[in-house]
Amino acid sequence: MAAAASRISSLLSRSLASPSLHSKGRICGVGRSVVCSYSYTTAAAIEKPITPSVKVNYTKLLINGDYIDSASGKTFPTYDPRTGDVIAHVAEANVEDINRAVSAARKAFDEGPWPKMTAYERSKVLFRFADLIDEHTEELATLETWDNGKPYEQAAKVELPMISRLIRYYAGWADKIHGLTVPADSPHLVQTIHEPIGVAGQIIPWNFPLLMFAWKVAPALACGNTVVIKTAEQTPLSALYAAKLLHEAGVPAGVLNVVSGYGPTAGAALASHMQVDKLAFTGSTETGKIVLQLAAKSNLKPVTLELGGKSPFIVCKDADVDKAVELAHFALFFNQGQCCCAGSRTYVHESVYDEFLEKAKARALKRSVGDPFVAGIEQGPQIDSEQFEKIMRYIRSGVESGATLETGGQRLGDKGYYIQPTVFSNVKEDMLIAKDEIFGPVQSILKFKDINEVIKRANTTSYGLAAGVFTQDIDTANTLTRALKVGTVWVNCYDVFDAAIPFGGYKMSGQGREKGIHCLSNYLQVKAVVTPLKDPAWI
Amino acid sequence: MANHINGNSNHSAASPKTPPIKFTKLFIDGNFVDSISGKTFDAIDPRTEEVITKVSLGGAEDIDLAVKAARQAFDHGPWPRMSGSERGKILIKFADLIEENTEELAALDAVNAGKLFTLCKLIDIPIASKALRYYGGAADKIHGTVLKLSKGLQGYTLREPIGVVGSIIPWNFPTVMFFMKTAPALAAGCTIVLKPAEQTPLSALYYAHLAKLAGVPDGVLNVVNGYGSTAGAAISSHMDIDKVTFTGSTEVGRMIMTAAAASNLKPVSLELGGKSPLLIFDDADIDQAADIVFRGMFFNKGEVCVASSRVYVQEGIYEKLEKKLVEKAKATVVGDPFDPKVHQGPQINKKQFERILSYIEHGKREGATLLTGGKHVGEKGYYIEPTIFADVKDDMIIVKEEIFGPVMSLMKFKTMEEAIKRANNTTYGLAAGIVTKNLNVANTVSRSIRAGIIWINCYTAFDVDCPYGGYKMSGFGRDYGLDALNQYLQVKSVVTPIFDSPWH
């Protein structure tokens, strides 16, 4: 995934280097190459959204290898965040559908063939799946942008390659899941066997619909589990398409079941299901608490939680300010600010604060916002009206609590959920905008004097997902790295998401780790096998 | 030509096929080139003793060129500088290309090594692509360790590719050995100069061609055919090779290690000979035991370093087992390895053929009882009957030395303790087998035998995830599994003071 990371940085450097992107854009993600005029804050491109070329072919529930209607026959609409118009009506899962999906997954696990296949066979299915994802990048990225509002270029050039990369990564683990032979004090042979845990229930968010799908599904399948995954009701489309590709790659029926639906109904049914052996959830801290309780009240299934964050981005006095500004901007505004690890508290040392602020503001003003299908667009609409309203409330709260609104703060256009890139300065820790996860394009800049102070302030949060550290000083970097209570520290970089790098939170940002070797343990049981040794040659 | 029956009804006489030979030159820096001397040598068909084709003969000066290319590719090229995942993708593509060419590759090993064509297709070639996928999937999982240092220090280890690797491989499994050595080295980010055995130069060159098609950059994988005493010696004593890995005889392994020591002290891993014991206990299922013992010895004409060439049978089951083994030997069809009815092809070459026959003579002279076999088959080609000796004593040459042919030695034992002692009474320690239903016997014997792999109720059960290598004079270092990566990695520790850490 260094490749994907380098793609992120190439997008970055390009957006740094070519302000001309703001005047003209090329439509991408569609077969035609129409050129349309576009410029920031004139809403022309927003008012006339490009029609995506992809057909929505998969809208039903995927249970036991078939796309089927929900038991109730009900559907729900999924919306285009550029316009608020309906893209498609999608089968809505409720308790009965979750029961059907879990039964299919249960049978596929208990009777096989998936967990009974050799790991090598499973790895070959996943390798083929990755190849198919690569072959269908355009359709998948188009669906993703249409349903989610993220820039098409980001979906196609950054996220889709990360997805196939991650699938290959876990395909490569399938045949290397090792237990240990364990030393014992007495003459005993001790082995640990790592077995698949069973039926995994997975609930994923809408900000990276397909990437989150891959983070959950790839390790679970590599370990030999079967899966019931509930997608976010805002973004059901891309996972249904990808699941079809996985079946083409040779996964047996019932191994992967994809259900679309709402949290309080479908999500709750999955979290409290007695036949689900493991639950993995990515989403808000609030919902994470509910999920954990449901698991506790039902069958005590182990839970991994990837929750919210309010991640500090710390710019020290010796930092390269231009680079720091660009990365701080990227850390917050990437994906419309809809990242759980968004660098949403930008701490800047007082000696560089004024310069930083001026440049951060200028960078936000330059950010190109518009139809995410237009090439060169950095920011599309927020996901839906609810999030849009929430973000606007936080912006008002920022102003009311005395923070200085440096730029932005307004809706963009009359249609869809576009918000201007927004920067606040003079932000204090007790303001809501510095405490709560906004999940939108709102940067909060805070001033600090010394390292010990910033450590204390950065850790004054109930979250602990990630942090950015900007300094050239090795000792400062090391000190901050160890002192920050977060699951990921990016030093002089941000949002580097290699498949092999574990990701997860301290404190109320969750429990467990995804990606990397660490994620395998989420989906494995450990069985110790002990037998006495008679006259062993050694112990 | 093996169409000579000589009264042996089990000798097949299918007409030999020869696949098209596309690659006969040295592969250096991404190109097929003639040797500097212009010399060639003959690749022989062991079925007929006839020349298949002439192959460029590499010498010390060709090795020099190949090492220069590999050095350049390592020091300045993209291979060690691309991410593990990118290398992995290329290796996985390489695996796909091999699968697309299975027939042709299997035919090359069959015609050049006398191996059964069907088994090459079913075993050797699929193992090659499996190894590539396995190590392709490992390339992005080479983890160092972040250390727990004493107060005030922060440290971690980096596992760096070791550099230019010299690989010298044998002729009994030309394809399997090629990938056993190259797949982990490539995954680690090393560059390679590989010398195939002079008996089997053909498939390796085809693999070099496929590697290039898959996207392995020029200079990363170089294949130089030639003899051990010239090309092989040049590799093991080369000052610019960082590591040598060798599979072959114990005798040659010793020369390689000596040359490495006398030159630049390059680390060496050696996969050498064996005289592997297989212990059959009274409680064994007789049919299962007979299958395991028979295949353990006669698989691949007995040209297997782990061959179960010392079979120790507990006295209660001995008579029955002996009878079954003789029946199996007599039912074995020896002949053209392209004929699907054939079980056993010719030995690799005249030298080995004569050596095996002379061991059989030794066995007879030393007083072992020849139960079956013992003769060559036909007048042309290097065919030998599956041969079983009984009443073998532990001090006979046939039980002390590696014969590397279809010759089994049967011995009787009374107790487990006795069997363990006799099994360990060898300078080798490559593999061992146990056939028993008793858990305690299985566990005790497993820990007691000084060998790199123990097979319980199975034999030659290789897996790419399972490390494999020898104790004692069977060598050191391990191939396969994640352990094999260690052969191709250096460990670098990085340590720096840390101030004001909230924890230690």
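Since the structure is predicted, the reported quantities are computational estimates derived from the model, not experimental observations.

Conventions adopted
- Residues numbered from 1 in each chain as written.
- Chains lettered and ligands numbered in written order.
- Predicted model: local features only at pLDDT ≥ 70, side-chain atom pairs only at ≥ 80, totals over all residues.
- Heavy atoms only, no water.
- Helix = DSSP H or I, 4+ residues; strand = E, 2+ residues; numbered from the N terminus.
- Rg over C-alpha atoms; globule rule 2.2 N^0.38 Å.
- Buried < 20%, exposed > 50% of the residue type's maximum accessible area, 1.4 Å probe, protein only.
- Contact = heavy atoms within 4.5 Å.
- Areas by Shrake-Rupley, 256 points an atom, 1.4 Å probe, with all protein chains shown as cover.
- Lys, Arg positive; Asp, Glu negative; His and termini not counted.
- Charge placed at Lys NZ, Arg CZ, Asp CG, Glu CD.
- UniProt positions renumbered as here; feature names shortened; annotations may be inferred.
- Patch = residues over 30% accessible without salt bridge, like charges linked within 9 Å, V, L, I, M, F, W, Y side chains within 5 Å.
- Salt bridge = Lys/Arg side-chain N within 4 Å of Asp/Glu carboxyl O.
- Pairing = 2+ DSSP bridges.
- Axes fitted to C-alpha atoms, helices over the stretch in contact; angles between N-to-C directions.
- Parallel < 35°, antiparallel > 145°, perpendicular 65-115°, else oblique.
- Left-handed = near helix turned anticlockwise from the far one by under 90°.
- Nonpolar A, V, L, I, M, F, W, Y, C, P; charged D, E, K, R; others polar.
- Core = buried A, V, L, I, M, F, W, Y, C linked by side-chain atoms within 4.5 Å.
- Polar contact = N/O pair within 3.5 Å; in protein donor to acceptor, adjacent residues only side chain to side chain.

## Things to note about the overall build of chain A
Step number 1: Looking only at helices and strands, chain A features 16 helices and 22 strands.
Step number 2: Taken against the 2.2 N^0.38 rule, which gives 24 Å for 539 residues, the C-alpha radius of gyration of chain A at 24 Å falls within 12% of a compact globule.
Step number 3: Along the longest, intermediate and shortest principal axes, the C-alpha atoms of chain A span 75 × 55 × 40 Å.
Step number 4: Looking at the 539 residues of chain A, the share that counts as buried comes to 62%.
Step number 5: Counting contacts in chain A only where the partners sit at least 6 residues apart, residues at least 24 apart contribute 74% of the total.
Step number 6: Summed over its atoms, the accessible surface of chain A is roughly 19300 Å², and 54% of this surface lies on carbon and sulfur atoms.
Step number 7: Looking at charge distribution, chain A has the averaged site of its 56 positive side-chain charges lying 1 Å from that of its 56 negative ones.

## With respect to the overall build of chain B
Step number 1: Assigned secondary structure in chain B consists of 15 helices and 23 strands.
Step number 2: For chain B, the C-alpha radius of gyration of 24 Å lies close to 23 Å, the compact-globule estimate for 504 residues.
Step number 3: If one aligns the C-alpha atoms of chain B with their principal axes, the spans along those axes are about 75 × 60 × 40 Å.
Step number 4: Looking at chain B as a whole, 61% of its 504 residues qualify as buried.
Step number 5: The long-range share in chain B, meaning contacts at least 24 apart out of those at least 6 apart in sequence, stands at 74%.
Step number 6: Across chain B, the 55 positively charged side chains and the 55 negatively charged ones have centroids separated by 3 Å.

## Side note on the UniProt feature "domain: Aldehyde dehydrogenase" (unreviewed entry) in chain B
Step number 1: Taken from the UniProt record, the annotation "domain: Aldehyde dehydrogenase" (unreviewed entry) applies to residues 32-494 of chain B.
Step number 2: Secondary structure across residues 32-494 of chain B divides into 41% helix and 20% strand, with the first and last C-alpha atoms of the span separated by 42 Å.

## Considerations on a nonpolar patch on the surface
Step number 1: A surface patch of nonpolar side chains, amounting to about 270 Å² of accessible area, comprises V146, Y156 and L158 of chain B.
Step number 2: Within the fold, Y156 of chain B resides in strand β6 (residues 153-161).

## Describing the sheet that holds strand β22 (residues 524-532) of chain A
Residues and elements named next belong to chain A.
Step number 1: The strand order across the open sheet formed by three strands is β7-β8-β22, and the pairing between neighbours is antiparallel. Here the strands that pair on one side only, and so sit at the sheet edges, are β7 (181-182) and β22.
Step number 2: Alignment of β7 against strand β8 (residues 188-196), held across two bridges, turns out to be antiparallel. The residue bridging T181 from the neighbouring strand is Q191, located in β8.

## Description of the UniProt feature "active site" (unreviewed entry) in chain A
Step number 1: Under the present numbering, the feature "active site" (unreviewed entry) in UniProt falls on E306 of chain A.
Step number 2: With respect to the secondary-structure elements, E306 of chain A resides in strand β13 (residues 303-306).

## As for the packing of helix α11 (residues 321-333) of chain A against helix α12 (residues 350-366) of chain A
Residues and elements named next belong to chain A.
Step number 1: At a minimum axis distance of 9 Å, the contact between α11 and α12 shows a crossing angle of 50°. Comparing the axis directions of α11 and α12 gives the class oblique. In the packing of α11 onto α12, the handedness of the crossing is right-handed. Judged by residue contacts, V321, D322, A324, V325, E326, A328, H329 and F333 of α11 engage V352, E355, F356, K359, A360, R363 and A364 from α12.
Step number 2: Its residues assigned to classes, the contact of α11 with α12 comprises nine nonpolar, one polar and five charged.

## Overview of the pattern of salt bridges
Step number 1: Following the criterion strictly, the structure yields 58 salt bridges over all chains and no others.
Step number 2: When the shortest N-O distance is used, the salt bridge between K150 of chain A and E159 of chain A registers 2.8 Å. Across the pair, E159 of chain A and K150 of chain A agree in class, each one buried.
Step number 3: The partner of D322 of chain A in a salt bridge is K359 of chain A, and the shortest N-O contact between them spans 2.8 Å. With D322 of chain A in helix α11 and K359 of chain A in helix α12, the pair connects residues that are 37 residues apart, well separated along the chain.
Step number 4: K359 of chain A gets classed as partly exposed once you look at its relative accessible area, which sits at 29%.
Step number 5: Among the ionic contacts, a cluster of salt bridges with common partners joins R165 and D498 of chain A together with D140 and K141 of chain B.

## Digging into the nonpolar core
Step number 1: Residues F129, I167, Y170, F213, L256, V258 and F356 of chain A are the most contacted members of the largest nonpolar core, which totals 113 residues.
Step number 2: Counting 107 residues, the second largest nonpolar core, distinct from the first, contains M177, I192, I286 and V304 of chain B.

## With respect to the side chain of S474 of chain B
All names here are of chain B.
Step number 1: Note that S474 resides in the loop between β21 (453-456) and β22 (475-476).
Step number 2: By relative accessible area, which is 0% here, S474 ends up buried.
Step number 3: Once residues lying within four places of it in the same chain are set aside, the contact partners of S474 are L270, E271, L272, G273, G274, T427, Y428, G429 and L430.

## Considering the side chain of R122 of chain A
Residues and elements named next belong to chain A.
Step number 1: Within the secondary structure, R122 sits in helix α4 (residues 119-135).
Step number 2: The buried charged residue R122 lacks any salt bridge partner; its closest oppositely charged side chain belongs to D175, at an N-O distance of 9.3 Å.
Step number 3: One polar contact links the side chain of R122 to the main-chain carbonyl oxygen of A222, over a distance of 3.5 Å.
Step number 4: If we skip the residues at most four places from it in the chain, R122 touches W114, P115, M117, L221, A222, C223 and G224.

## A look at helix α13 (residues 416-423) of chain B
Step number 1: For α13 of chain B, every residue scored as buried is listed here: M416, A419, I420, R422 and A423 of chain B.
Step number 2: Residues of α13 of chain B that are buried in the fold lie against β12 (277-280), β13 (310-314), β19 (407-413) and α14 (439-448) of chain B.

## Notes on the packing of helix α3 (residues 102-113) of chain B against helix α4 (residues 117-138) of chain B
Residue and element names in this part refer to chain B.
Step number 1: Where α3 contacts α4, the axes come no closer than 8 Å and their chain directions differ by 115°. Here α3 and α4 pass one another in a crossing that is right-handed. Residue-level contacts link T102, E103, L105, A106, A107, D109 and A110 of α3 to F117, C120, K121 and I125 of α4.
Step number 2: Tallied by class, the residues present in the contact of α3 with α4 amount to seven nonpolar, one polar and three charged.

## A few points about the pairing of strand β4 (residues 40-45) of chain B
Residues and elements named next belong to chain B.
Step number 1: As defined by bridge partners, β4 adjoins strand β5 (residues 50-56) across six bridges and the pair is classed as antiparallel. From the neighbouring strand, D42 faces β5, where its bridge partner is K54.
Step number 2: Taking the residues that link successive antiparallel strands as the turn, the β4-β5 hairpin has four residues, and the phi of E49 there is positive, at about 65°.

## A word on the UniProt feature "active site" (unreviewed entry) in chain B
All names here are of chain B.
Step number 1: Mapped onto the present numbering, the UniProt feature "active site" (unreviewed entry) falls on E271.
Step number 2: Relative to the helices and strands, E271 is located in strand β11 (residues 268-271).
Step number 3: Residue E271 is classed as buried on the basis of its relative accessible area of 3%.
Step number 4: Contacts of E271, omitting those with residues within four sequence positions, involve K181, F246, T247, G248, L430, Y468, G469, G470, S474 and D479.

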